[in-house]
Amino acid sequence: MFFISPPFGNYFSLPNTISITGSFTLHERKGLFFQIIKTLYYSYELNGWVNKIGLRNKGIDWALKNIDKSHILSIAILKENEINELYKKIPDDRNIEINISCPNVGHKMVSEGISKFVNPKREWCILKVSPLTSNEEIEHYYNQGFRQFHCCNTLPIENGGLSGKTIVPYTNEKIKYIRDNLPNSIIIAGGGVTTMEDVNSYKSKGANHFSAASVFFNPYKLTKLYIHYSLDEMNK
């Protein structure tokens, strides 16, 4: 499966893909569009896109009313006391991705006490990890019941989060550890996916699914990737 990651999952939906929308917090964080204009830019020095959007969103209540159920809701928990309220609001059968690794909100995301979101009614209960999430932490989440891991989020830097090809070695390392040590895990590989060569490389290392985001800045590369991926899926 091909996943469209935030923020592009908020705006794009293509046949034979799944859009991940958000990340949504318990309460609204204003300024989304203006914040994207100001804080999402390409750095030639770092060879990637720098994101400091800061989880601007309309809040989980808006998302539950307005986002189609075919999309996966990405949620981010900013305080421990928000866990129970989010848990009560989000239906047990709503597909979610828990973002425990956004590097540009000014503090660490809540990542403990979240295992209650795992249940058999959800087809997708994904944990999106950071390039810097340790293997020990991933095993800890696995032991709590998580089986779907999205590797990886943006790389924390001084100016926010860096995406693109820089993430590839981190994603490869996470794929190897999970595949070798955590049976029955589902791995969504992302970071620098712009061609079928990137998809096949992650696949050869053990990834089950793939995600893309920054390739949406380049319509030519996106179209070529999407056509090749669709043809590859048809020929299976």
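Keep in mind that what you see is a predicted model, and the values were worked out from it rather than measured. Within each chain, residue numbers correspond to sequence positions counted from 1 in written order. Totals for whole chains, interfaces and linings use all residues, but because this is a predicted model, local features are given only for residues with pLDDT of at least 70 and pairs of side-chain atoms are given and counted only at 80 or more. Side-chain descriptors were evaluated using all non-hydrogen atoms of the structure, hydrogens and water having been removed beforehand.

Enquirer: Would you mind showing me how to read the sheet that holds strand S7 (residues 125-129) here?
Expert: The strands that make up a sheet pair up through hydrogen bonds in the backbone, lying either parallel or antiparallel. Strand order in the closed barrel made by the 8 strands is S1-S2-S5-S6-S7-S8-S11-S12, with parallel pairing throughout. Taken over all neighbouring pairs, the strand axes of this sheet differ in orientation by 25° on average, direction set aside. Following DSSP output, two strands are said to pair if at least two bridges run between them. Where helices and strands are cited, they refer to DSSP runs of H or I of at least four residues and of E of at least two residues respectively, numbered from the N terminus. For strand S2 (residues 17-24) and strand S5 (residues 72-75), the ladder comprises 3 bridges, and the chain directions are parallel. Across the sheet, residue Phe24 finds its bridge partner in S5, namely Ile75. For helices, the axis comes from a line fit to the C-alpha atoms of the stretch in contact; other axes are also lines fit to C-alpha atoms, and the angle between any two N-to-C directions lies between 0 and 180 degrees.

Enquirer: Is there a simple way to explain the side chain of Ser185 in this structure?
Expert: Along the chain, the position of Ser185 falls in the loop between helix H5 (168-181) and strand S11 (186-190). Definition of a polar contact: a pair of N or O atoms within 3.5 Å, with one able to donate and the other able to accept a hydrogen when the atoms are protein atoms, and with sequence-neighbouring residues admitted only if both atoms are side-chain atoms. Side-chain polar atoms of Ser185 contact the backbone oxygen of Leu182, separated by 2.9 Å. Ignoring anything within four residues of it in the chain, the contact list for Ser185 reads Tyr142, Arg147, Phe149, Ile178, Arg179 and Asn208. Residue contacts are defined here by distance: any two heavy atoms, one from each residue, within 4.5 Å place the two residues in contact.

Enquirer: For this particular structure, what's the right way to read the nonpolar core?
Expert: In a soluble, globular protein the nonpolar side chains are often hidden away together inside. Counting 52 residues, the largest nonpolar core has Ile60, Ile98, Ile114, Phe117 and Phe149 as the members making the most contacts within it. Residue contacts for Ile98: discarding those within four places in its chain leaves Ile75, Ile114, Phe117, Ile126, Leu127, Lys128 and Phe146. Note on terminology: a nonpolar core comprises buried Ala, Val, Leu, Ile, Met, Phe, Trp, Tyr and Cys residues joined through side-chain atoms within 4.5 Å. For every residue, the accessible area (1.4 Å probe, protein chains only) is compared with the maximum for its type, and the residue is labelled buried under 20%, exposed over 50%, or partly exposed between those bounds. If you look at the next biggest cluster of nonpolar residues, it comprises 7 residues, including Ile18, Ile20, Ile72 and Ile126.

Enquirer: Got a minute to help me understand the packing of aromatic side chains in this structure?
Expert: Two aromatic rings are characterised by how far apart their centres lie and by the angle between their planes. Pairing of aromatic rings covers Phe, Tyr and the six-membered ring of Trp, with a centre-to-centre limit of 6.5 Å; geometry is then stacked below 30 degrees between planes, edge-to-face above 60, and tilted otherwise. Here the structure, examined in full by the defined rule, presents 9 aromatic pairs. The interplanar angle of 85° and the centroid separation of 5.2 Å between the aromatic rings of Phe3 and Trp124 together place this pair among those described as edge-to-face. Of this pair, Phe3 sits in strand S1 (residues 2-4) while Trp124 is found in the loop between strand S6 (96-99) and S7, placing the two residues 121 residues apart along the sequence. Among the residues examined, Phe3 registers a relative accessible area of 0% and is labelled buried. Plain terms: the ring middles of Phe8 and Phe216 are 5.6 Å apart, the flat faces sit at 15° to each other, and that makes the pair stacked. With a gap of 208 residues between them, Phe8 in the loop between S1 and S2 and Phe216 in the loop between strand S12 (209-212) and helix H7 (219-234) connect regions that are remote in the sequence.

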